[in-house]
Amino acid sequence: MEYSAGLTSKLFWLQESRKTAGYILEGYSKADIRKIAWEENIYQVKAEYRAYEVLNGTYRRISALPEAVLQAFTTCDVETAKVLNLIAILKDSRLFFEFMHEVYDEKLRIGELEITDRDLNVFFADKAMQSEVVAGWTDTAVKKLKQCFCRMLYEAGILENSAKPRMIRQIHIDYRTEELLKRNGLEAYLNAVKGVR
């Protein structure tokens, strides 16, 4: 999967993703959901284009999850749903997934519980050296991505706040959810969220 800065136009969309998942499980196609997205305003947005934007963003993430995980996502408690939603986002964004592995994981490993500006700057500088795509992004795009990563982690419950200091909170993932993710081939994403200890 190629690097993309597309995450900057998307939000965490927890409730919206759970709604989309529910429609997918009921057998609706994307075209079906698109039809009702605005007619019934299922995402509670003020403009039609926003309804489609939310649908496109959530559908792309959620449809990549195995059915058993979708089932859990629509019925589990909010904390677990945040974790599953984050995993769906990581599956859709190679760059964010690598950030979790290379920055968040490392922080937990060495016992530093703050994600600093320097961490973000070093990560993006390294990626720019490794990838022509990232090297071609404007400073504005990179700045937005840094903010986006922090906001996503905050909404997932991994950071105590999205502004400085960005302190890491250890999240708890229950055993059943861990087993479900492992059985469905999502162990790499589970490890990225948990931080390998």
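Refer to the structure presented above.
*Asks:* Kindly report on helix α3 (residues 48-62), identifying the contributing residues and their values.
*Replies:* In this model, α3 (15 residues) spans 21 Å end to end at C-alpha, consistent with the 21 Å of a helix rising 1.5 Å per residue. When we look at burial in α3, the residues that qualify are Ala 51, Tyr 52, Val 54, Leu 55, Gly 57, Thr 58, Tyr 59, Arg 61 and Ile 62.

*Asks:* Now, about the packing of aromatic side chains: what can you tell me, with residues and values included?
*Replies:* Tallied over the entire structure, the rule returns seven aromatic pairs. An angle of 35 degrees between the planes, with centres 5.7 Å apart, marks the rings of Phe 124 and Phe 149 as tilted. A residue pair is termed long-range when its members are at least 10 positions apart, and Phe 124 in helix α7 (residues 117-130) and Phe 149 in helix α9 (residues 139-155) qualify at 25 residues. For the pair formed by Phe 124 and Phe 149, the shared burial category is buried. Ring-pair connections join several aromatic residues into one group, and the members of that group are Phe 96, Phe 99, Phe 123, Phe 124 and Phe 149. One Lys or Arg, Arg 18, reaches over the ring of Phe 73 and ends 6.0 Å from the middle of that ring. One Lys or Arg, Arg 34, reaches over the ring of Tyr 52 and ends 3.7 Å from the middle of that ring.

*Asks:* Quick one: what's the story with the environment of Val 134, residue by residue and with numbers?
*Replies:* Tracing the chain through its elements places Val 134 in helix α8 (residues 132-135). According to the relative accessible area criterion, Val 134 is buried, its value standing at 3%. The sequence separation of Val 134 and Lys 164 amounts to 30 residues, and the corresponding C-alpha distance is 25 Å. Filtering out sequence-adjacent residues up to four positions away, Val 134 remains in contact with Tyr 3, Phe 124, Lys 127 and Ala 128.

*Asks:* I'd like to hear about the pattern of salt bridges, residue by residue, with values.
*Replies:* What the rule picks out here adds up to 14 salt bridges. Its salt-bridge partner being Lys 35, residue Glu 39 comes within 3.3 Å of it at the nearest N-O pair. Here Glu 39 pairs with Lys 35, and both are found in helix α2 (residues 30-39), just four residues apart, close to one helical turn. No difference in accessibility class separates Glu 39 from Lys 35, as the two residues are exposed. Through salt bridges with shared partners, one network takes in Arg 94, Glu 98, Glu 102 and Lys 127.

*Asks:* Describe the packing of helix α5 (residues 78-92) against helix α6 (residues 94-110), naming the residues involved and giving the relevant values.
*Replies:* Following both chains from N to C, one finds α5 and α6 inclined at 115 degrees, their axes separated by 5 Å at the closest point. With respect to their mutual orientation, α5 and α6 come out roughly perpendicular. Residue-level inspection shows Leu 86, Ile 89, Leu 90 and Asp 92 of α5 in contact with α6, the latter providing Arg 94, Phe 96, Phe 97 and Met 100. Among the residues forming the contact of α5 with α6, the class breakdown is six nonpolar, no polar and two charged.

*Asks:* So what about the nonpolar core? Which residues, and what values?
*Replies:* One finds Leu 86 and Phe 96 to be the most contacted residues of the largest nonpolar core, which totals 67 residues. Each residue touching Leu 86, except ones within four places of it in the same chain, is listed here: Phe 12, Phe 96, Met 100, Leu 153, Ala 156, Ile 158 and Val 193.

*Asks:* Before we move on, can you summarise helix α1 (residues 14-25) with the specific residues and values?
*Replies:* The terminal C-alpha atoms of α1, which comprises twelve residues, lie 17 Å apart, in line with the 16 Å expected from a rise of 1.5 Å per residue. Among the residues of α1, Leu 14, Ser 17, Arg 18, Thr 20, Ala 21, Gly 22, Tyr 23 and Ile 24 are the ones counted as buried. Turning to α1, the residues buried within the fold contact α2, α3, α4 (67-75) and α5. The first or second residue beyond α1 is Gly 27, which carries a positive phi of 95 degrees.

*Asks:* I'd like to hear about the side chain of Arg 166, residue by residue, with values.
*Replies:* Tracing the backbone shows Arg 166 in strand β2 (residues 166-167). Arg 166 gets classed as buried once you look at its relative accessible area, which sits at 8%. At 2.9 Å, the side chain of Arg 166 forms a polar contact with the backbone oxygen of Ile 115. A distance of 2.6 Å separates a polar atom in the side chain of Arg 166 from a polar atom in the side chain of Asp 117. Those residues in contact with Arg 166 that sit more than four places away from it in its chain are Leu 113, Glu 114, Ile 115, Thr 116, Asp 117, Leu 120, Cys 150, Leu 159 and Asn 161.

Procedures and definitions
- By convention here, each chain's residues receive numbers from 1 onward along its written sequence.
- The predicted origin of the model limits local features to residues at a pLDDT of at least 70 and limits the giving and counting of side-chain atom pairs to 80 or more, whereas totals for whole chains, interfaces and linings rest on all residues.
- Just so you know, side-chain values use all the structure's heavy atoms and leave hydrogens and water out.
- Under the DSSP-based scheme used, a helix requires at least four consecutive residues in state H or I and a strand at least two consecutive residues in state E, with every element numbered from the N terminus.
- Expected span, for any helix, means 1.5 Å times one less than how many residues it has.
- Think of it in three bands: residues with accessible area under 20% of the maximum for their type are buried, residues over 50% are exposed, and the middle band is partly exposed, with areas taken using a 1.4 Å probe on protein chains only.
- We call Phe, Tyr and Trp rings a pair once their centres come within 6.5 Å, taking the six-membered ring for Trp, and we label the pair stacked below 30 degrees between planes, edge-to-face above 60, and tilted otherwise.
- Placement of a positive charge over a ring is assigned whenever Lys NZ or Arg CZ falls within 6 Å of the ring centre and within 35 degrees of the normal to the ring plane.
- In this description, contact between two residues means that some pair of their heavy atoms is separated by no more than 4.5 Å.
- Only one rule defines a salt bridge in this text: a Lys or Arg side-chain nitrogen within 4 Å of an Asp or Glu carboxyl oxygen.
- For every element, the axis is a line fit to its C-alpha atoms; helices are fit only across the contacting stretch, and the angle between N-to-C directions ranges from 0 to 180 degrees.
- Our angle categories are set so that under 35 degrees counts as roughly parallel, over 145 as roughly antiparallel, 65 to 115 as roughly perpendicular, and the remainder as oblique.
- Polarity classes work like this: nonpolar for Ala, Val, Leu, Ile, Met, Phe, Trp, Tyr, Cys and Pro, charged for Asp, Glu, Lys and Arg, and polar for all others, with Gly in that last group.
- Nonpolar core, defined: a set of buried Ala, Val, Leu, Ile, Met, Phe, Trp, Tyr and Cys residues in which side-chain atoms within 4.5 Å join the residues together.
- Pairs of N or O atoms are called polar contacts if they sit within 3.5 Å, as long as, within protein, a hydrogen donor faces a hydrogen acceptor (for residues adjacent in sequence, only side-chain-to-side-chain pairs).

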